[in-house]
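Structural overview
If you want the building blocks of each chain, they are given just below.
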Amino acid sequence: MRRIAATVLILLGAFAPVWIIDWSHVPAGADYSDGSDVFRSPRFDSAYFAVDRSDLPPPAGSVLARRVKVKPGDTLAEILTQNRVSKNDAQAALAALTKVYNARNIKPGQEVEIAFVNFNTEAGNSFNRVTLHPSVQTEIHVRRDEDGGFTAEQTEKTIERRLHAVSGAIEESLYVSAIKLGVSANVLMDMIRMLSWDVDFQRDLHPGDRFEVMYERFYTDTGKFVRTGDVLFANLILNGKGHPIYRYADRSGQPDYYDAMGASARKALLKTPIDGAKISSTFGSRHHPILGYTTMHRGVDFAAPTGTPIFAAGDGMVEMRDRDGAYGNYIRIRHNGEYATAYAHMSRFEPRIARGVRVRQGQVIGYVGTTGRSTGPHLHFEVLQQNKQVNPMSVKMPVGTKLAGTDLDRFAQQRARIAATFDRLINPSAQIAANP
Ligand SMILES: [Zn+2]
């Protein structure tokens, strides 16, 4: 506050004759708070340019600047020329700018700072600098250089990483409760995606359950929030049982999430959900044996005798169990928000398997047959990623890995550090009491 008052005094002192002459034009609500060389006003109005008169001596070295918010449809050239930058200067500045930034990328709401030096000299010479803020981290300056031309420069602000921890009760849903406590939606989606291999968010959550999460938040050196980063730790406490996952980069540098024992949070899906079967038709376009023309085969066929048991490729919930046209007897299992698997042409379903039933990996769900559009007994198996069939043999399906050796040791250290940091952030007073 004291600095602001001093700034006002310096400005008033420097331009005392001018301010007195044009006092009536000083805009109401003018804001002088941006530092000793910056003048801000809500409008670019006559008070600012009252000094632009040849009969007054220039206030040597003074720089005055103002900020303009980009409005829809504005071009940078217009913004400059509408704010007293001459056409020639605007053109020269824009030409310099193209070396680091495409002026067409300015967006409504961004701030453009326009600065003048000795602005009561001839108008064409007073424009000194324009600064753009394409993102919170990035600043672009186009400055007048010694030759009278312009030079553009892009600077990245250093950003500071802070860890942020949240712990709370799950009331209506994890989503609603976490958002209420300020967890951003993208952090929450990451958390749900990683935990969804273990937890069925439709069924396993009950009122009274709790969640914990710790993630990165990035700030500029002036303390302005930039963005969230990675989730380092997440936990759901359901009926008193924790389901923690920890972020850990293995020795090859590949980051992933692991449970407390070092097992990958992503569970593997079986690529061959049937015992001792041979692939009889692969994924891709093929000449269809019944239809007689080339079609896209969106699954893998395994030839096996009628009655051979078919296993669930992974833990999940039976989303569909029905007679479905060309598919014949068909089951689809949802494994998480991203993956589902489907099984077709079954002779019969395993009796307990019905829509909505939870299955474990390897559990028998039905038996090979030749129902629907089929020339002989086989299992038609599909992997669906984001509800689209993908090639089960080449899709980068999750592999359920378990850390071992050095990686497991490093993981254990990382897990302990994460847990200690989380406790300290959630309960700072306990930490002070422990370390007086
Ligand atoms: Zn098939």
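This brings us to the overall build of the protein. Broken down by element type, the protein carries ten helices and 24 strands. Buried positions account for 43% of the 436 residues belonging to the protein. Pairs at least 24 apart in sequence give 60% of the contacts found in the protein among residues at least 6 apart. By element, 52% of the accessible surface of the protein is carried by carbon and sulfur atoms, the whole surface being about 22800 Å².

What follows covers the sheet that holds strand β16 (residues 309-311). Overall, antiparallel pairing links the three strands, which are arranged β16-β22-β20 in an open sheet. The open sheet terminates on both sides in strands that have one partner only, identified here as β16 and β20 (348-349). As defined by bridge partners, β16 adjoins strand β22 (residues 364-367) across three bridges and the pair is classed as antiparallel. Pairing of Phe-311 across the sheet is with Val-364, part of β22.

Attention shifts here to the nonpolar core. The biggest cluster of nonpolar side chains holds 26 residues, and the ones touching the most others in it are Ile-331, Tyr-343, Ile-365 and Leu-379. Sequence-distant contacts of Ile-365, that is, excluding residues within four places in its chain, are made with Ile-310, Phe-311, Ala-312, Ile-331, Ile-333, Tyr-343, Met-346, Phe-349, Glu-350, Ile-353 and Val-359.

Secondary-structure assignment places Gly-299 in the loop between β14 (294-297) and β15 (300-303). Judged by its relative accessible area of 0%, Gly-299 falls in the buried class. For the pair formed by Gly-299 and Met-393, sequence separation is 94 residues and the distance between their alpha carbons is 9.5 Å. Aside from chain neighbours lying at most four places away, what touches Gly-299 is Ser-281, Thr-282, Phe-283, His-380, Phe-381 and Glu-382.

With that settled, the discussion passes to helix α9 (residues 405-426). The α-helix advances 3.6 residues per turn, and as a result positions three or four apart in sequence lie on the same side. For α9, which comprises 22 residues, the first-to-last C-alpha distance of 32 Å matches the rise-based estimate of 32 Å (1.5 Å per residue) to within 8%. On its buried face, α9 sits against β6 (159-169), β7 (210-220), β8 (225-238), β10 (245-249) and β11 (255-258).

Now for the packing of aromatic side chains. Enumeration over the complete set of coordinates arrives at twelve aromatic pairs. Aromatic pair Phe-116 and Phe-127: ring centres 6.1 Å apart, planes at 65°, arrangement edge-to-face. In this pair, Phe-116 is assigned in strand β2 (residues 111-117) and Phe-127 in strand β3 (residues 127-132), connecting sequence segments eleven residues apart. Of the two residues, Phe-116 and Phe-127, neither departs from the other in class, the shared state being buried. Aromatic side chains Phe-233 and Tyr-246 sit 5.3 Å apart centroid to centroid with 35° between the ring planes, which places their arrangement in the tilted category. Of this pair, Phe-233 sits in strand β8 while Tyr-246 is found in strand β10, placing the two residues 13 residues apart along the sequence. Across the pair, Tyr-246 and Phe-233 agree in class, each one buried. Counting every residue linked through ring pairs, the aromatic cluster contains Phe-233, Tyr-246, Tyr-248, Tyr-258, Phe-411 and Phe-422.

Cut-offs applied
The residue count restarts for each chain, going from 1 along the sequence in the order it is written. With pLDDT at 70 or above as the cut-off, local features in this predicted model cover only qualifying residues; side-chain atom pairs require 80 or more to be listed or tallied, and sums for whole chains, interfaces and linings still use all residues. Values shown for side chains rest on all heavy atoms present in the structure; no hydrogens or waters enter the calculation. Under the DSSP-based scheme used, a helix requires at least four consecutive residues in state H or I and a strand at least two consecutive residues in state E, with every element numbered from the N terminus. To sort residues, take the accessible area from a 1.4 Å probe on protein chains only and compare it with the maximum for the residue type: under 20% means buried, over 50% means exposed, and anything in between is partly exposed. We call two residues in contact when some of their heavy atoms are within 4.5 Å. Using the Shrake-Rupley algorithm and a 1.4 Å probe, accessible areas are obtained, with residue cover drawn only from the displayed protein chains. Note on pairing: DSSP must find at least two bridges between two strands before they are called paired. Each nonpolar core is a collection of buried residues, namely Ala, Val, Leu, Ile, Met, Phe, Trp, Tyr and Cys, held together in the definition by side-chain atoms within 4.5 Å. Here the expected span of a helix is defined as 1.5 Å times the quantity of residues minus one. Any pair of Phe, Tyr and Trp rings, taking the six-membered ring for Trp, is counted once the centres come within 6.5 Å. Such a pair is stacked with planes under 30 degrees apart, edge-to-face with planes over 60 apart, and tilted for the rest.

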